Amino acid sequence: MAGLLEHRGYVRFWCADAVSMVGSSVTGLALQVVAVVTLEASGVELGILRAAQFLPYLLLGLIAGVIVDRHRRQPLLIGADFARAVVLGLIPLGAAFDVLTLPLLIAVVLVFGTLSLAYDAAHQSFPPSLVPADLLTRAYARMEQTSAVAQTAGPVFAGALIKLLTAPLAILVDAASYLLSGILLATVRPRTPEVAKGTDEPRNLRREIRDGLRWVYRSSTLGPLAITSHIWFVFQGLLTTVYVLFVLQTLGLSAFWLGVTYAFSGIGSIIGATASGWAGNRFGVGPAIIACRWLSPIAYLTAPLAGDDALGIVLLCAGQFVLGISLGIDSPIELGYRQSITPAGLLGRMNATMRSLNRAAIVVGAPLGGFLADQFGTRAALWVGVGGMVVQAVLLNRSAFRHARLTASV
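This report concerns the structure included in the present document. Since this is a predicted model, take the numbers as computed values, not measurements.

Now for the overall build of the chain. When its secondary structure is counted, the chain shows 15 helices and zero strands. The C-alpha atoms of the chain give a radius of gyration of 20 Å, which matches the 22 Å a tight globule of 410 residues would have. Taken over the C-alpha atoms alone, the chain extends approximately 55 × 50 × 45 Å along its principal axes. The buried share among the 410 residues of the chain stands at 58%. Put simply, of all contacts in the chain between residues at least 6 apart along the chain, 88% involve residues at least 24 apart.

How two helices pack is summed up by the angle between their axes together with the distance between the axes. Relative to each other, helix H2 (residues 8-38) and helix H11 (residues 255-283) sit at 145°, their axes nearing to 11 Å. Crossing handedness for the pair H2 and H11: right-handed. Between H2, through Leu29, Gln32 and Val33, and H11, the contact on the second element is made entirely by Ala255, Leu258, Gly259 and Tyr262. Partitioned by chemical class, the residues of the contact of H2 with H11 number five nonpolar, two polar and no charged.

Another point: the side chain of Asn358. Note that Asn358 resides in helix H14 (residues 347-376). When residues no more than four places from it in sequence are discounted, the contact partners of Asn358 are Ala226, Ser229, His230 and Phe233.

Per the stated rule, a full pass over the model turns up eight aromatic pairs. Look at Phe13 and Phe126: their rings are 5.5 Å apart centre to centre, the planes differ by 80°, and that puts the pair in the edge-to-face class. Of this pair, Phe13 sits in helix H2 while Phe126 is found in the loop between helix H6 (102-123) and helix H7 (136-165), placing the two residues 113 residues apart along the sequence. On the accessibility criterion, Phe126 (0% relative accessible area) is buried. Taking the ring centre of Tyr119 as reference, the NZ or CZ of Arg84 above it sits at 4.3 Å.

Note that side chains of opposite charge can pair when their charged atoms are close. If you walk through the whole model with that rule in mind, you get three salt bridges. Salt-bridge contacts for Arg293 lead to Asp330; the nearest nitrogen and oxygen are separated by 3.8 Å. Of the two residues, Arg293 sits in helix H12 (residues 285-300) while Asp330 sits in helix H13 (residues 310-341), which places them 37 residues apart along the sequence. Exposure remark for Arg293: the relative accessible area of 5% places this residue in the buried category. Given the relative accessible area of 9%, Asp330 is considered buried. Its salt-bridge partner being Glu334, residue Arg338 comes within 3.1 Å of it at the nearest N-O pair. Of this pair, Arg338 and Glu334 both sit in helix H13, four residues apart, which is roughly one turn of that helix.

Between its terminal C-alpha atoms helix H9 (residues 205-217) stretches 18 Å, which fits the 18 Å expected from 13 residues at 1.5 Å a residue. For H9, the full list of buried residues reads Glu208, Ile209, Gly212 and Val216. Buried residues along H9 cover an arc of 100° about the axis, so they all sit on one side.

Checked against the element boundaries, Ser269 lands in helix H11. Separated by 3.2 Å, the side chain of Ser269 and the backbone oxygen of Gly324 make a polar contact.

Let's shift gears to the environment of Leu39. Mapped onto the fold, Leu39 is located in the loop between H2 and helix H3 (43-70). For the pair Leu39 and Leu100, spaced 61 residues apart in sequence, the C-alpha separation works out to 8.6 Å. Apart from residues no more than four positions distant in its own chain, Leu39 is found in contact with Val34, Leu100, Thr101, Leu102 and Leu105.

Calculation rules
Residues numbered from 1 in each chain as written. Predicted model: local features only at pLDDT ≥ 70, side-chain atom pairs only at ≥ 80, totals over all residues. Heavy atoms only, no water. Helix = DSSP H or I, 4+ residues; strand = E, 2+ residues; numbered from the N terminus. Rg over C-alpha atoms; globule rule 2.2 N^0.38 Å. Buried < 20%, exposed > 50% of the residue type's maximum accessible area, 1.4 Å probe, protein only. Contact = heavy atoms within 4.5 Å. Axes fitted to C-alpha atoms, helices over the stretch in contact; angles between N-to-C directions. Left-handed = near helix turned anticlockwise from the far one by under 90°. Nonpolar A, V, L, I, M, F, W, Y, C, P; charged D, E, K, R; others polar. Phe/Tyr/Trp six-rings, centres within 6.5 Å; stacked < 30°, edge-to-face > 60°. Lys NZ or Arg CZ within 6 Å of the ring centre and 35° of its normal. Salt bridge = Lys/Arg side-chain N within 4 Å of Asp/Glu carboxyl O. Expected span 1.5 Å × (residues − 1). Arc of directions from axis to C-beta. Polar contact = N/O pair within 3.5 Å; in protein donor to acceptor, adjacent residues only side chain to side chain.

Here it is, written out as structure tokens:
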């Protein structure tokens, strides 16, 4: 940790990231409560709302990667944060004037998702200009730990805030967090000054997108990792949509208890992120990530077995805890591996390809989960999601990714 603290640009970036993560954890819960409780959305409608946030990744994700690789990333991050603060402010404003409807909420979320796409494409590619290569995995691990803390405290805080202020007003907290994050990002001074690359060269958008796709999918290790990640996100989108309906409607629990279960995911993520460096060094990149992929179906297995009593809440919390551990270990190792083997000129496109198509998978999974829940019930839909998680773990385990090794220090 001492090595990272020497790089002030990274510390400020890390603080900005932490602020926005806390706010995002509030909105993540508040948006779903607004839809299900305030606007009485059905399963399909909730799935459409979740899909709207990630639809821009499907439509524009690869283009965003090209833009990030041709421009400085810091201005993109700052502009996206300020714009997201304004857009989120429309939700409490609409509620105050009694004009908040599901179509309006979906439209706001769609614009918000487009801005998040621009931010995300630049976000993962910015740390290499803030810290040296041998600190990258540790830098991502610290960010994952911060995310885990936000996931732990955020949902419980959000549940209490929603009860005190109502869900639309709770979203104002996130709007303020993006504003503060943008201000902090404006003070960051990169270790290696960013220079816009290739702006004086003729642009060939199709070729640049194709180069990014080739780098990811023709790799013997990145290819299987990317494909199984897409499958994972299809069923994660399905499960998270159904999980909210299951807890709030089938079990009849409050938003507070939903937030409590999510908090246990955050606790697991803290533990997992803390152990990620050790796991990557001890077992290797491939085996460590594959083990985490197997933990996903085990984690969600507890949900359809839960009832509306105290034991049911314990099962839900235990499942989220295991899921958090798997994500906490997986994410820093995977990010460090991807960044360490990718040339600087392809970082934006590589990250945009992976993240955009992962988020695009949610566009498929979230409405599918809502449809299955409406047609067959939430428990049956949860079982479908668990089965899908098993499939992706089997495929990754049988691929060449088993032999992946990190080329930078963990």
